[in-house]
Amino acid sequence: MRTLAYEPDPGYGPWEQDLRVLRLGEDLRQDLVLRQEQPRGGNQPYLALGRLHSLLRAWAPGVLATGRNAGSDGRLPWLYAREPVPKQVLAPLIGTWAAGLSDGEDDEIDLEQQLKAEEGTGAPVLPDWEAERVDLTETVESAGGTAEPLGRLYHLLPEAVAFRLAGTPFRTDGGVLRFRVVSSGTSGVDLVSWPPLQYQRRNRTWYYSAHLTVTVHTVPFARQFRVHVATGVRRWATRIEIPRWKLGGATVLLDAPLPWPEGPDRGYRLMVNSLGYEWSSKEIGWKRRSPAPLLAELDITRRFPEAEELFTAPEKWLNGSQDVVAGIVYHPVLGPHEVGAGLMPRERAGLDTWIGQTLSPVLRRCADLSRVTRRNTPALLPRQTRKSAPGSREAQQALARRALLGRALGGRPLDVEILWQAPETRDALLTALPKVIGLAPGRVTDEDGGTSWVADGIRIVVRARPAGESASALRIATDRKRRPAVRLAEGIEQRCALVAADHRTSEGIGLVIAEIAGKEHFASVPDSDPKHALRVAHGRRGRLTQFINLPEPGSADLDHRAKSAWLDAFRQLGAISPPPHRVGDAVPADLQYAALWLVRCTKNGPTRTPDRRLVAVRFRADGDPGTFSGWDAGRAEWVSYPKMLLSLLETAPAPRAELERQIRTLLFQLRDRPTLLLANSGNLRQCWPALRNGALSRDLLAFGTGPAQRIALYGEHLRMVLVRDGNGRGEVPEWYAHDGSGRIGFSEGVWAPAPDPHGRVFTSITGTPPTAARPKNLMKLLPAPGGRTSPGTTAWNPKLLEITVLGRHSSESSADRPLDLATLTHQLRYHDDYPPLAYPLPLHLAQLAKEYVLPLTSSEVLTAGPDRSP
């Protein structure tokens, strides 16, 4: 297995560059702060430089990168450049930007002229450029043995790598691609092939580019840090098919000639902007940090696009006007696009070869990974074959589900209420239930028309009635003077009152399956989708909720969706368990699994209210009533999984220190038996900073500012495994499999750089679901003559999951093998009822609990319902 990851080449030595560094200076920074319309509060006002940085990166020749925190401290490095940028270039850029900081008339002093003035005039001036030799591979090693780059390299090195790639065309038998650098000021840098490629379909031209993203990352206990290059397709919008008021924001990349003399890296960058609907003007406009509105003042010889005309005629500007080209980055909300997302492994391998050659000799490709075990899957049910009895696998699955459901219900009846809108949905749900758990058709048993099933100690009663007004759009107040979170909370409370008016009660465990329209049907009124309101409303009455969307005209998947709805409902009831593993006798028979997940809600979340909640779940394999349970933070104890879900609707948010205390408390309650604790380091380090790669040490745990301690102190038989995915920022690399003979494709299993009994870091790759199977050799970018090309195909690639065995059980007589724990973690990604999971099953279920984290911005406290003890 080969990853698109590259590391400093020890054979080359340091990758050093002679750069020029400019500091903003405190005098100039303070002058700019005074011009700023609304400086942020605090002891030291902050200068917002994002718009200026976008302008400088694109139009100041030679600027490599912008520094961090220069807006709060003028003594810090501000600009890094390959050669000094003359004042005659910087002054108009800074002056034009500064003129837009305030709408007042007190700031009419021409800053551009001030910056061009000589020292001694009393006006703020730009400090001189300083020469500095920068080692782009400078590394420090943490106490735990993890190599980390110096902090500034997280934004300097991606820029340097991106410019090196942009300076070398990508050539294949099918043609040539040249890349432009797209810097947004984050820790990563994008590149897009330019000009865009074209694809003719449905009597229209669709535009797209190759897309690369360069980021810098660390790997636990590795002696080198890594540069990751992710590959994909960047699609361009040519027609926007939504009302303008629905466009909250869209990225625009602008290509315009520089109005200055020639400089280094000239023409390598595209300028990043954003446009969207402005409620105040009722028009499409440039967002605040976009430098595009400043260009006309800097170059009066060219015409630049207005946001409104770019929205109206995006294809015109994508083809260029007077050497100016602008492209709106496509997003599905803008309408359909005939170019599919993603690249297949054959094309990724070609890009990897080019990247490796271009970055050599300063960086080298990381070593290939080899499969380290053949125990890829747990004891799953045999696949259905032609020789199998018809329906035999489905029958075994149904029996297993029924047994798990009986164990989860614990002898209590299950009362289900189906709130339907389409009769066919009601019928499909009633038909699917007995099939899913292997029962005969139910019979009507009460005067309300309820249908019941009784078997193996299980009693299920299902009542169906029209959803009525409860499934309609929420009534959201239009008073924009109040925060959206407050108006949404009022709408949710109104729906809760409507649901509470129904005084029907449940004899046993309550479950509601509600049919609602898809979220696109509520797009005309923001926040009017009733889904989350119904979950809160029924949760207050002690009922779990599962949703199913109205059938779309012409769709034929209703039976499948009905089955999935029941499976998800059973999962909420706790009727699920990992398949038996096939790791061997090294795993204790009474091993329990525990998983932690931090739910983070933002002001753009489901209820517009920020919040942070810790979710913990526990699996036990011995079949006792607590087989699948969750952590109730309010009561500080393990409770049934459905009870934990409902408790999340009540639990108040906790500060970081409190979250760490919760973790220590629940670890104490896991000490009674061998435990494998699973966590996603990218997720949990938000509340547990000691899980940052540079803070990790083998078999040690740390909390807060305290010292790291042996993991055995938190449980004599505690094991801990960290998993990591891309985390939205490319933290793990892309990959492809090869056999050394030219064949390229995918391959599942557990992988490592080399067999090492002391190795702690592994790679987990699952199989490809049948629905995602695609030919591996399809080409989208530059197909060779006679090769297979299909830009319209969506390329699905199995995601890499990094597994770090942080803590293992060790005694004088025995010790866990890290490979066994990694293999067990990998096998937990498989289940008979689901395609391969993104995370091990316990962690997957902890993550799904976020559906019940629905904080409300309101002075009212969520009141307890009549029954909260499923």
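Cut-offs used in this document
- Residues numbered from 1 in each chain as written.
- Predicted model: local features only at pLDDT ≥ 70, side-chain atom pairs only at ≥ 80, totals over all residues.
- Heavy atoms only, no water.
- Helix = DSSP H or I, 4+ residues; strand = E, 2+ residues; numbered from the N terminus.
- Rg over C-alpha atoms; globule rule 2.2 N^0.38 Å.
- Buried < 20%, exposed > 50% of the residue type's maximum accessible area, 1.4 Å probe, protein only.
- Contact = heavy atoms within 4.5 Å.
- Areas by Shrake-Rupley, 256 points an atom, 1.4 Å probe, with all protein chains shown as cover.
- Lys, Arg positive; Asp, Glu negative; His and termini not counted.
- Charge placed at Lys NZ, Arg CZ, Asp CG, Glu CD.
- Pairing = 2+ DSSP bridges.
- Axes fitted to C-alpha atoms, helices over the stretch in contact; angles between N-to-C directions.
- Polar contact = N/O pair within 3.5 Å; in protein donor to acceptor, adjacent residues only side chain to side chain.
- Left-handed = near helix turned anticlockwise from the far one by under 90°.
- Nonpolar A, V, L, I, M, F, W, Y, C, P; charged D, E, K, R; others polar.
- Disulfide = S-S within 2.5 Å.
- Core = buried A, V, L, I, M, F, W, Y, C linked by side-chain atoms within 4.5 Å.
- pLDDT = per-residue confidence, 0-100.
- Phe/Tyr/Trp six-rings, centres within 6.5 Å; stacked < 30°, edge-to-face > 60°.
- Lys NZ or Arg CZ within 6 Å of the ring centre and 35° of its normal.

*Asks:* Could you clarify how one ought to interpret the overall build of the protein chain in this entry?
*Replies:* Along its length, the protein chain carries 19 helices and 40 strands. Scaling as 2.2 N^0.38, a compact globule of 870 residues should have a C-alpha radius of gyration of about 29 Å, and the protein chain matches this with 29 Å. The C-alpha extent of the protein chain, read off along each of the three principal axes, is 90 × 65 × 65 Å. When each of the 870 residues of the protein chain is scored for burial, the buried share is 54%. Pairs at least 24 residues apart make up 72% of the contacts formed inside the protein chain by residues separated by at least 6 positions. When the accessible area of the protein chain is evaluated, it comes to approximately 38000 Å², of which 49% is carbon and sulfur surface. The distance from the centre of the 110 positive side-chain charges to the centre of the 97 negative ones in the protein chain is 5 Å.

*Asks:* For this particular structure, what's the right way to read the sheet that holds strand E37 (residues 744-745)?
*Replies:* Note on sheets: strands pair through backbone hydrogen bonds, and any given pair is parallel or antiparallel. The strand order across the open sheet built from three strands is E1-E36-E37, with neighbouring strands paired in antiparallel fashion. Edge positions in the sheet fall to strand E1 (2-3) and E37, since each of these pairs with one other strand and no more. The sheet contact formed by E1 and strand E36 (residues 735-738) spans two bridges and is antiparallel. Note on E36: the bridge partner recorded for Arg2 is Tyr736. Helix H9 (residues 345-359) contacts E1, E36 and E37 of the sheet and is inclined by roughly 100° relative to E36.

*Asks:* In this structure, what is going on with the pairing of strand E24 (residues 451-455)? I would like to understand it.
*Replies:* Regular strands place their side chains on alternate faces of the sheet. Bridge count for E24 against strand E25 (residues 458-466) is five bridges, and the pairing is antiparallel. Its bridge partner being in E25, Trp453 is matched across the sheet by Ile460. Where E24 folds back on E25, the antiparallel hairpin that results is connected by two residues, among which Asp456 adopts a positive phi of roughly 50°.

*Asks:* Just checking my understanding: could you explain the side chain of Asp611 for this structure?
*Replies:* Following the sequence through the fold, Asp611 ends up in strand E29 (residues 611-619). With a relative accessible area of 4%, Asp611 lands in the buried category. Polar contacts involving the side chain of Asp611 include one to the side chain of Arg613, which spans 2.7 Å. In this view, Asp611 contacts Val599, Arg600, Cys601, Pro653, Val853 and Pro855; residues no more than four positions away in its chain are not counted.

*Asks:* Explain the environment of Glu637 here, please?
*Replies:* If you trace the backbone, Glu637 turns up in strand E31 (residues 637-640). The exposure class assigned to Glu637 is partly exposed, which follows from its relative accessible area of 30%. In this structure the C-alpha to C-alpha distance between Glu637 and Ala464, which are 173 residues apart in sequence, comes to 35 Å. Not counting the four nearest positions on each side in its chain, Glu637 is found in contact with Gly630, Trp631, Asp632 and Gln669. A distance of 2.9 Å separates the side chain of Glu637 from the side chain of Arg635, its partner in a polar contact.

*Asks:* Just to check I follow, could you spell out the packing of helix H10 (residues 392-409) against helix H14 (residues 558-573) for this structure?
*Replies:* A packed helix pair is summarised by two numbers, namely the angle formed by the two axes and the spacing between the axes. The interhelical angle for the contact between H10 and H14, taken along N-to-C directions, is 40°, at an axis separation of 10 Å. Considering how the two elements wind past one another, H10 and H14 form a crossing that is left-handed. Contacts from Arg401, Leu405 and Ala408 of H10 reach H14 at Lys563, Leu567, Phe570 and Leu573. Residues of the contact of H10 with H14, tallied by class, amount to five nonpolar, no polar and two charged.

*Asks:* Explanation requested: helix H18 (residues 818-827) in the structure shown.
*Replies:* An α-helical turn contains 3.6 residues, so any two residues separated by three or four positions project in the same direction. Among the ten residues of H18, ten are classified as buried, and the element is accordingly described as predominantly covered. Of the residues making up H18, those classed as buried are Pro818, Leu819, Asp820, Leu821, Ala822, Thr823, Leu824, Thr825, His826 and Gln827. On the buried face of H18, the contacting elements are strand E28 (592-601), strand E32 (675-680), strand E35 (718-724), strand E38 (749-752), strand E39 (761-765) and strand E40 (801-807).

*Asks:* Is there a simple way to think about the state of the cysteines in this case?
*Replies:* For the structure shown, the criterion picks out zero disulfides. Looking at Cys496, it has no disulfide partner, and the nearest cysteine sulfur is the one in Cys601, 16 Å off. You can see Cys601 has no disulfide; the closest cysteine sulfur is in Cys687, sitting 14 Å from it. When its relative accessible area of 11% is taken as the criterion, Cys601 is described as buried.

*Asks:* Would you explain unusual backbone geometry in this entry?
*Replies:* Trans is the prevailing form of peptide bonds, just as negative phi is the prevailing case for residues other than glycine. Of the consecutive residues Trp194 and Pro195, the connecting peptide bond is found in the cis state with omega at 5°. Mapped onto the secondary structure, Pro195 falls in the loop between strand E12 (189-193) and strand E13 (197-201). Between Ser360 and the following residue, Pro361, the backbone shows a cis peptide bond with an omega angle of 10°. Phi at Phe221 takes a positive value of approximately 70°, unusual for a residue other than glycine. Inspection of the secondary structure puts Phe221 in the loop between strand E14 (204-217) and strand E15 (226-236). Accessibility expressed as a relative area gives 9% for Phe221, which makes it buried. A positive phi angle, near 65°, is found at Arg608, a position not held by glycine. Relative to the elements of secondary structure, Arg608 occurs in the loop between E28 and E29. Take Arg608: its relative accessible area is 24%, and that puts it in the partly exposed class.

*Asks:* What am I meant to see in helix H1 (residues 26-35) here?
*Replies:* Restricting attention to buried positions, one finds in H1 the residues Leu28, Arg29, Asp31, Leu32, Val33 and Arg35. Contact partners of the buried residues in H1: helix H3 (87-99) and helix H4 (111-116).

*Asks:* Honestly, the nonpolar core in this entry has me stumped. Any pointers?
*Replies:* A general tendency of soluble globular proteins is for nonpolar side chains to be buried together. Membership of the largest hydrophobic core comes to 97 residues, with the highest contact counts inside it found for Leu405, Val416, Ile460, Trp566, Phe570 and Met644. A total of eight residues in this core trace back to one element, the largest contributor, which is H14. For Met644, the contacting residues outside a window of four places in its chain are Val615, Ala616, Val617, Gly630, Trp631, Val639 and Ala849. Grouped together as the second largest cluster of nonpolar side chains are 59 residues, Leu28, Ala58, Ala91 and Leu101 included.

*Asks:* What should I look at first to understand the confidence of the model for the protein chain in this one?
*Replies:* Any residue range with low pLDDT should be treated as having predicted coordinates unsuitable for detailed reading. In the predicted model, the protein chain carries a mean pLDDT of 89, and 92% of its residues have values of at least 70. Overall, residues 859-870 carries pLDDT values under 50, and its contacts beyond four positions in sequence, including any with other chains, amount to 30 contacts.

*Asks:* Sorry, what's going on with the packing of aromatic side chains here?
*Replies:* Both the distance between ring centres and the angle between the ring planes are used here to describe each pair of aromatic rings. Under the criterion given, the structure shown has 14 aromatic pairs. Ring geometry for Trp194 and Trp236: centres 5.6 Å apart, planes at 75°, overall edge-to-face. Taken as a pair, Trp194 in the loop between E12 and E13 and Trp236 in strand E15 lie far apart in primary sequence, 42 residues in all. For Trp194, a relative accessible area of 10% translates into the label buried. Judged by relative accessible area, which is 0%, Trp236 ranks as buried. Each ring, one from Trp688 and one from Phe703, has its centre 4.6 Å from the other, and the planes form 10°; the classification is stacked. Here Trp688 is found in the loop between helix H17 (681-684) and strand E33 (700-701), whereas its partner Phe703 is found in the loop between E33 and strand E34 (709-710), with 15 residues between them in sequence. The same class applies to Trp688 and to Phe703, which are both buried. Positioned over the ring face of Trp206 is Arg204, at 4.0 Å from the centre of the ring. Taking the ring centre of Phe703 as reference, the NZ or CZ of Arg664 above it sits at 5.3 Å.

*Asks:* What is the right way to look at the pairing of strand E3 (residues 16-23) in this model?
*Replies:* The pairing of E3 with strand E6 (residues 130-135) spans six bridges and is antiparallel. In the strand pairing of E6, Arg20 is matched with Ala131. Both E3 and strand E5 (residues 77-81) contribute to a ladder of four bridges, which runs antiparallel. The partner of Arg20 across the bridge, within E5, is Ala81.

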